[in-house]
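Understanding the architecture of this molecule
For reference, the chains in residue letters:
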Amino acid sequence: MASIQLAVKVDVCTHAGLQHGVPALMRLFDALQIRASFFIAGGPDHSGRAIRRLLRPGFLSKMLRTKAVGTYGWRTVLYGTLLPGPQIARSSPETLRRLSRDGHEVGMHGYDHVYWQDRLPHLSADAVRAELGRTVAAFSEILGDAPRAFGAPGWQCTPTSFAAEDELGLAYHSDTRGTAPFIPEMDGQRFRTTEIPTTLPTLDETYGRIGSTASELTRFYRQQLHPGLNVYTAHAEMEGREQLPLLRDWLETLRGEVEFRRLIDVAEAAPSLPLGHVVVAPVAGRHGTVAWQEPHHG
């Protein structure tokens with residue numbers, strides 16, 4: 001039987017997540033000798049503009065279930081509306097450099113996270129390229145070179161975004177939800193860049209729905225692991241702050257049972273991969289839709 005591998009992917013969507021969540025996660029990962037893949041938003045924190053999602057079914061209930069205001073803080077909830085949105089990556093360049101020096105992977109998580117997540121299907125090819133260009137510029141300024149990976153905000157993808165990412169010459173992207181690495185095709189178009197999907201439910205999808213205690217959620221996530229690669233996406237704003245003890249409990253129970261890997265190492269070692277058809281579909285515990293991997297049958 002194949003060994004169980006677990007890649008911990010950390011999405012950093014907000015200023016508070018980078019300022020407070022990432023340092024706490026770094027300390028946890030150091031203590032457990034884990035190296036993770038951090039995907040950081042490169043531009044301004046406009047989290048407050050997500051208020052428009054209140055019109056979408058399930059968004060308010062998810063906000064209440066996950067205690068979002070307490071998790072993110074009032075300032076984050078107001079950024080981009082009543083308060084100006086601070087820069088995220090550029091606010092803590094040394095944190096990004098330290099992540100890289102310490103052996104963690106640093107990837108790009110869009111420029112304006114809310115703009116990509118809420119507007120992507122309506123953006124032209126030029127607008128998508130411009131958004132990616134701003135992202136690359138921010139990280140190149142901080143790190144001296146562009147990261148080799150991109151993770152789509154909110155798992156939002158279109159054929160236009162896949163094509164624009166192909167133009168960047170990435171080692172891989174992690175834009176979808178699915179079961180295993182693949183080469184994406186969408187709406188009849190095939191793309192070149194390896195896709196490594198998130199395979200496990202996220203904490204904001206399970207907290208308060210599957211369970212609310214460390215023991216309940218640790219049991220659930222252990223049951224979800226399967227032989228081969230598993231990808232868990234944490235959020236610096238949630239697991240890096242109020243839910244840090246829950247993440248610590250789960251990862252500690254896995255020590256010696258799984259092999260922890262960074263996504264870049266998975267991509268570099270990946271053999272010839274199958275095609276996977278990408279569709280847009282809902283996911284339990286989350287409002288709206290995300291990009292999903294379906295197996296290729298052609």
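Quick look at the structure, then. (Residues numbered from 1 in each chain as written. Predicted model: local features only at pLDDT ≥ 70, side-chain atom pairs only at ≥ 80, totals over all residues. Heavy atoms only, no water.)

A short note on the environment of C13
Mapped onto the elements of the fold, C13 is located in the loop between β1 (4-12) and α1 (15-32). Between the C-alpha atoms of C13 and G110, which are 97 residues apart in sequence, the distance is 9.0 Å. Apart from the residues within four sequence positions on either side, C13 is in contact with A41, I88, H109, H113, H235 and E237. (Helix = DSSP H or I, 4+ residues; strand = E, 2+ residues; numbered from the N terminus. Contact = heavy atoms within 4.5 Å.)

Comments concerning the packing of helix α5 (residues 93-101) against helix α7 (residues 125-143)
With their axes 9 Å apart at the nearest point, α5 and α7 run at an angle of 75 degrees to one another. It follows that α5 is roughly perpendicular to α7 by the angle criterion. Judged by residue contacts, P93, L96 and R97 of α5 engage F139, I142 and L143 from α7. Grouping the amino acids of the contact of α5 with α7 by side-chain chemistry returns five nonpolar, no polar and one charged. (Axes fitted to C-alpha atoms, helices over the stretch in contact; angles between N-to-C directions. Parallel < 35°, antiparallel > 145°, perpendicular 65-115°, else oblique. Nonpolar A, V, L, I, M, F, W, Y, C, P; charged D, E, K, R; others polar.)

A few points about the pattern of salt bridges
Within the structure shown, the criterion is met by 16 salt bridges. The shortest N-O distance in the salt bridge between R190 and E185 comes to 3.4 Å. Judged by its relative accessible area of 58%, R190 is exposed. Each of R177, D204, E205 and R286 takes part in one network of salt bridges that share partners. (Salt bridge = Lys/Arg side-chain N within 4 Å of Asp/Glu carboxyl O. Buried < 20%, exposed > 50% of the residue type's maximum accessible area, 1.4 Å probe, protein only.)

Thoughts on the packing of aromatic side chains
Per the stated rule, a full pass over the model turns up eight aromatic pairs. Feature note: the residues F220, Y221, Y232 and W250 constitute an aromatic cluster, connected by ring pairs. Here K9 stacks its cationic end above the ring of F39, 5.2 Å away from the centre of that ring. (Phe/Tyr/Trp six-rings, centres within 6.5 Å; stacked < 30°, edge-to-face > 60°. Lys NZ or Arg CZ within 6 Å of the ring centre and 35° of its normal.)

A few points about α5
Taken together, the buried positions of α5 are occupied by T95, L96 and L99. All buried residues of α5 fall inside an arc of 100 degrees around its axis, so they share one side. Packed against the buried residues of α5 are α1, β2 (37-40), β3 (105-108) and α7. Positive backbone phi, at 100 degrees, marks G103, one or two positions downstream of α5. (Arc of directions from axis to C-beta.)

Regarding the nonpolar core
Formed by 59 residues in total, the largest nonpolar core has its most connected members in L6, F29, F38, I40, Y232, W250 and L251. Broken down by element, the residue count for this core peaks at eight residues, all from α1. In contact with I40, not counting residues within four places along its chain, are V12, L18, I88, A89, L96, L99, V106, G107, M108, H109, G110 and F139. (Core = buried A, V, L, I, M, F, W, Y, C linked by side-chain atoms within 4.5 Å.)

Side note on the side chain of T176
Within the secondary structure, T176 is located in the loop between β5 (172-173) and β6 (183-186). We classify T176 as buried; its relative accessible area is 0%. Only 2.7 Å separates the side chain of T176 from the side chain of E195, close enough to count as a polar contact. If we ignore the near neighbours within four places in the chain, the residues touching T176 are W155, C157, F162, F182, E195, P197, T198, V278 and A291. (Polar contact = N/O pair within 3.5 Å; in protein donor to acceptor, adjacent residues only side chain to side chain.)

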